[in-house]
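The lines below spell out each chain.
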Amino acid sequence: MESPGHQIPLRDTPTRTPRSSFPSNIVGRLRDNLVFRSKWAELNGAMGDLGTYIPIVLALTLSVDLNLGTTLIFTGIYNIVTGAIYGVPMPVQPMKSIAAVAISNSAEFGVPEIMAAGICTGGILLLLGVTGLMQLVYKLIPLSVVRGIQLSQGLSFAMSAVKYIRKVQDFSKSKSGGDRHWLGLDGLVLAIVCACFIIVVNGSGEEGSEREDDDINLGGRERPGRRGLRRITASLPSAFMVFLLGVVLAFIKRPGVVHDFKFGPSSIEVVRFSKHAWKEGFIKGTIPQLPLSVLNSVIAVCKLSSDLFPGKDFSASSVSVSVGLMNLVGCWFGAMPCCHGAGGLAGQYKFGGRSGGCVALLGVAKLVLGLVLGSSLVMVLNQFPVGVLGVLLLFAGIELAMASRDMNTKEDSFVMLICTAVSITGSSAALGFLCGIVVHLLLKLRSWHKDQPCSTLQCHGIPWQSQDSRVSSVNI
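Cut-offs used in this document
- Residues numbered from 1 in each chain as written.
- Predicted model: local features only at pLDDT ≥ 70, side-chain atom pairs only at ≥ 80, totals over all residues.
- Heavy atoms only, no water.
- Helix = DSSP H or I, 4+ residues; strand = E, 2+ residues; numbered from the N terminus.
- Buried < 20%, exposed > 50% of the residue type's maximum accessible area, 1.4 Å probe, protein only.
- Contact = heavy atoms within 4.5 Å.
- Areas by Shrake-Rupley, 256 points an atom, 1.4 Å probe, with all protein chains shown as cover.
- Pairing = 2+ DSSP bridges.
- UniProt positions renumbered as here; feature names shortened; annotations may be inferred.
- Polar contact = N/O pair within 3.5 Å; in protein donor to acceptor, adjacent residues only side chain to side chain.
- Salt bridge = Lys/Arg side-chain N within 4 Å of Asp/Glu carboxyl O.
- Axes fitted to C-alpha atoms, helices over the stretch in contact; angles between N-to-C directions.
- Parallel < 35°, antiparallel > 145°, perpendicular 65-115°, else oblique.
- Nonpolar A, V, L, I, M, F, W, Y, C, P; charged D, E, K, R; others polar.
- Left-handed = near helix turned anticlockwise from the far one by under 90°.
- Expected span 1.5 Å × (residues − 1).

**Considering the overall build of the protein**
In terms of regular secondary structure, the protein is built from 22 helices and 4 strands. Across the 476 residues in the protein, those meeting the buried criterion constitute 47%. When contacts within the protein are restricted to residue pairs at least 6 apart in sequence, long-range pairs at least 24 apart make up 83% of them. For the protein, the exposed area adds up to about 23900 Å²; of that, 64% sits on carbon and sulfur atoms.

**Considerations on the pairing of strand S3 (residues 175-179)**
Taken together, the 3 bridges between strand S2 (residues 167-170) and S3 define a ladder with antiparallel strand orientation. For Lys167, the partnering residue across the bridge sits in S3 and is Asp179. Connecting S2 to the antiparallel partner S3 that follows it, the hairpin turn spans 4 residues, and Ser174 within it adopts a positive phi of roughly 55 degrees.

**Observations concerning unusual backbone geometry**
Although it is not a glycine, Asp65 adopts a positive phi angle of roughly 60 degrees. As for its position among the elements, Asp65 is in the loop between helix H3 (50-64) and helix H4 (68-86).

**Re the UniProt feature "transmembrane region" (unreviewed entry) in the protein**
Per the UniProt entry, the sites bearing "transmembrane region" (unreviewed entry) are residues 68-88, 109-134, 182-201, 232-252, 358-378, 384-402 and 414-443 in this numbering. Measuring from the first to the last C-alpha atom of residues 232-252 gives 30 Å, for a span that is 86% helix and 0% strand. Helix makes up 76% of residues 358-378 and strand makes up 0%, while its end C-alpha atoms are separated by 24 Å.

**Some thoughts on the side chain of Ser152**
Topologically, Ser152 is positioned in helix H8 (residues 143-166). With a relative accessible area of 7%, Ser152 lands in the buried category. In this structure the side chain of Ser152 is engaged in a polar contact, spanning 2.8 Å, whose partner is the backbone oxygen of Ile149. When near neighbours in sequence (up to four residues on either side) are disregarded, Ser152 contacts Thr420, Ser423 and Ile424.

**Considerations on the pattern of salt bridges**
Inspection of the entire model under this criterion finds 9 salt bridges. For Asp406, the salt bridge goes to Arg147, with nearest N and O atoms at 2.7 Å. With Asp406 in the loop between helix H18 (386-401) and helix H19 (410-426) and Arg147 in helix H8, this pair connects stretches of sequence that are 259 residues apart. Judged by its relative accessible area of 32%, Asp406 falls in the partly exposed class. In this structure, Arg254 and Asp260 form a salt bridge, with 2.7 Å as the shortest nitrogen-oxygen distance. Through salt bridges with shared partners, one network takes in Arg147, Lys303, Asp307 and Asp406.

**Description of the packing of H8 against helix H13 (residues 275-308)**
Where H8 contacts H13, the axes come no closer than 10 Å and their chain directions differ by 105 degrees. Here H8 lies roughly perpendicular to H13, going by the angle between them. Judged by residue contacts, Leu143, Val146, Arg147, Ile149, Gln150 and Gln153 of H8 engage Leu292, Leu295, Asn296, Ile299, Ala300, Lys303, Leu304 and Asp307 from H13. Across the contact of H8 with H13, the residue classes break down as 8 nonpolar, 3 polar and 3 charged.

**So, the packing of helix H5 (residues 96-104) against H13**
Relative orientation of the contacting elements H5 and H13 amounts to 145 degrees, with a least axis distance of 7 Å. Like other packed secondary-structure pairs, H5 and H13 cross with a definite hand, here right-handed. Contacts between H5 and H13 involve Lys96, Ser97, Ile98 and Val101 from the first element and Lys284, Gly285, Pro288, Gln289 and Leu292 from the second. Partitioned by chemical class, the residues of the contact of H5 with H13 number 4 nonpolar, 3 polar and 2 charged.

**Section: helix H16 (residues 356-372)**
Helix length check: H16 (17 residues) gives 24 Å between terminal C-alpha atoms against 24 Å at 1.5 Å per residue, within 8%. Capping of H16 at its N-terminal end is provided by Ser355; its side-chain oxygen lies 3.2 Å from the backbone amide nitrogen of Gly357. Once H16 ends, the next one or two residues include Gly374, with phi positive near 60 degrees.

**So, the side chain of Ser266**
Along the chain, Ser266 turns up in the loop between helix H12 (238-253) and H13. At a separation of 3.0 Å, a polar atom in the side chain of Ser266 contacts the main-chain amide nitrogen of Ser375.

Put into structure tokens, the structure is as follows:
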């Protein structure tokens, strides 16, 4: 008698639910991924990646004549798409090894070689992602080695930031000049004031601010006025305000820069490649870039995103395919080779980015600037206070380095620090990774050897000796 009642929902379910819910599920997921958790916080978080993005893009534009307008348009689209797909502030950063080779050897490594290196790197990452090999690598690499890569990258960012703050920079030649003056529109005092302002507003990070709020709420011992002042201070978009100050100072340094603007997008053309460009791009660009992309752009990003956003776990294969497709599309048209990066993710999270809307907003800004001003925007970027960029990069690097604080055992800390030391001093994440893996395996082998059952004599508390030694000791 009860069976007909149980069969009713079974007849209704397959005919209606799949057709009506599929489009709504997609739209709902996109809306959820792009929604702003807090308008000012997401806007502030969008500035967290500019300390890395602007110096490299500016250096490539000045040294090898990179098409800035095309790069802004494509990277803006990348930001919007990745924000909609992943729902977290997934950054879009320049491929640093390829950029370093181009800046240091601009005469022989020009735009065709840069784009060939990006296409080759993207193709390999796409292959690793589609075949599932990247996910296998992600599962096999020990956490201590990943933390070592993150710590070395974070410290490298921080040291570069301090160099930006203390020294005059020539991005077109990737060289530092003399000491920066204390006063002026790009002086040390400006950078120090900006850094202190960010520390006062943001503190040491989210955990510290939450702890302060808990202390305030305990027993109501804090005065209401003081509590309100702290909340207002914590809500200020510090990074956005610092960046806006830099833009204003750039126009003050050179008011005539407005007359250099050429409205309209730059012409987008297909890059012409020669056999020599493919060869040079692969040997000098792809080979040194590939280990960094695998480790920092895929492995470290996946681990950091799972730490910062526990409900948003991405497969390494997905991120690898994302990086591959970006470069297989944009590099043919002269857009800078790009990747995701743990440093950019940490920087955007540090300043309040919590959703895909954060990077989507940054993407819209890039897209508008690329379509309206094109490559003429380089005039403004060239006047931007480098010390201010150094401050933004400093906090992004520190936030990334702090991800390694969960190494609680001495063995894990030992492996992490070995990996970090070799990566920094050797200027190679691949070399540090290799040393970290070797040290990890040696420690596991040593542990395994210690856990093996002892010999018969040792198990009975008798130290092992050779037969001749035992005979001689008995005779004595």
